[in-house]
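# Analysis of the macromolecular model
Okay, here's what each chain looks like letter by letter:
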Amino acid sequence: AQSVTQLGSHVSVSEGALVLLRCNYSSSVPPYLFWYVQYPNQGLQLLLKYTSAATLVKGINGFEAEFKKSETSFHLTKPSAHMSDAAEYFCAVISNTGNQFYFGTGTSLTVIP
Amino acid sequence: EAGVAQSPRYKIIEKRQSVAFWCNPISGHATLYWYQQILGQGPKLLIQFQNNGVVDDSQLPKDRFSAERLKGVDSTLKIQPAKLEDSAVYLCASSLQNTEAFFGQGTRLTVV
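In this report, the structure presented in the accompanying data block is examined. Just so it is clear, the structure is predicted and the values come from calculations on it, not from any experiment. (Residues numbered from 1 in each chain as written. Chains lettered and ligands numbered in written order. Predicted model: local features only at pLDDT ≥ 70, side-chain atom pairs only at ≥ 80, totals over all residues. Heavy atoms only, no water.)

How large an interface is tends to be reported as the accessible area lost when its parts come together. Each side of the interface is counted separately: chain B has 27 residues, and chain A has 22 residues. Between chain B and chain A, roughly 1700 Å² of surface is buried when both sides are summed, and carbon and sulfur atoms account for 44% of that area. Linking Lys49(A) and Glu100(B) is a salt bridge whose minimum nitrogen-to-oxygen distance equals 2.7 Å. Of all elements in the fold, only strand 4 (31-37), strand 5 (44-50), strand 6 (53-56) and strand 9 (88-95) of chain B reach the threshold of two or more residues within the side of chain B that touches chain A. Residue contributions to the side of chain B that touches chain A peak at four residues, all from strand 4 of chain B. Of the residues assigned to the side of chain B that touches chain A, the class counts are nine nonpolar, 14 polar and four charged. (Contact = heavy atoms within 4.5 Å. Buried area = accessible area lost by both parts, 1.4 Å probe. Salt bridge = Lys/Arg side-chain N within 4 Å of Asp/Glu carboxyl O. Helix = DSSP H or I, 4+ residues; strand = E, 2+ residues; numbered from the N terminus. Nonpolar A, V, L, I, M, F, W, Y, C, P; charged D, E, K, R; others polar.)

Written as structure tokens, this is what we have:
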């Protein structure tokens with residue numbers, strides 16, 4: 001079965017610093033990959049998605065992620081953190097041969113003023 | 001475009017009681033998911049429907065949980081009887097084939 005692993009359950013960065021949240025997937029076939037953000041007491045909101053087109057994907061709020069097949073990674077980055085970026089971030093995978101949708105365990109991002 | 005609608009937003013019940021959650025997906029989305037998200041964890045897939053058929057219910061505790069999507073549109077998830085460990089947020093999501101899932105705001109269940 002497809003799965004994703006998020007390294008680091010908690011990440012803290014200073015305001016204005018680079019944000020890097022890590023996600024690795026397990027698949028012999030490149031899947032479709034997603035990053036979602038969850039603010040307190042809210043549902044999940046899509047940040048960006050990779051669907052086998054461009055390997056560098058740009059999303060909302062200045063986030064982007066790069067699909068690297070050689071590393072089976074799909075890390076999320078943002079050049080300059082903002083206080084409003086503090087939230088829980090989830091990496092997710094869906095098989096391109098089926099429709100099963102699975103999430104990682106999440107990374108809580110704290111932005112320090 | 002209307003999003004995924006869920007109700008209620010919050011529910012508090014005593015253990016051994018029953019509870020039901022309702023979800024109305026985005027119009028035209030054939031795939032509907034129910035997830036359980038325990039505090040501090042990622043969403044765990046409980047059941048996935050394609051139209052009114054079940055695609056995956058391998059992680060659904062079938063002795064107490066049930067779900068249906070009779071007409072292939074809205075869906076109901078039921079817990080009977082509830083246990084303390086069922087306290088969680090229950091998220092409903094819908095999608096077209098092989099695209100991102102769109103989530104409702106969830107139902108926060110507290111079992112006391």
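Anyway, onward from the coordinates.
This part covers unusual backbone geometry. Residue and element names in this part refer to chain B. Residue Ser7 is joined to Pro8 through a cis peptide bond whose omega torsion reads -10°. Relative to the helices and strands, Pro8 is located in the loop between strand 1 (5-7) and strand 2 (10-13). Note that the residue after Gln80, namely Pro81, is joined by a cis bond; omega there is -5°. Mapped onto the elements, Pro81 comes out in the loop between strand 8 (75-79) and strand 9. Backbone geometry places Arg16, a non-glycine residue, at a positive phi of 80°.

Here we take up the pattern of salt bridges. Under the counting rule described, the total for this entry stands at five salt bridges over all chains. Lys58(A) is paired through a salt bridge with Glu64(A); the nearest N and O atoms lie 2.7 Å apart. A salt bridge links Asp86(B) to Arg64(B); its shortest N-O distance comes to 2.5 Å. Of this pair, Asp86(B) sits in the loop between strand 8 and strand 9 while Arg64(B) sits in the loop between strand 6 and strand 7 (65-68), and the two are 22 residues apart along the sequence. When its relative accessible area of 3% is taken as the criterion, Asp86(B) is described as buried. Taking the relative accessible area as the measure of exposure, Arg64(B) reaches 10% and is therefore buried. (Buried < 20%, exposed > 50% of the residue type's maximum accessible area, 1.4 Å probe, protein only.)

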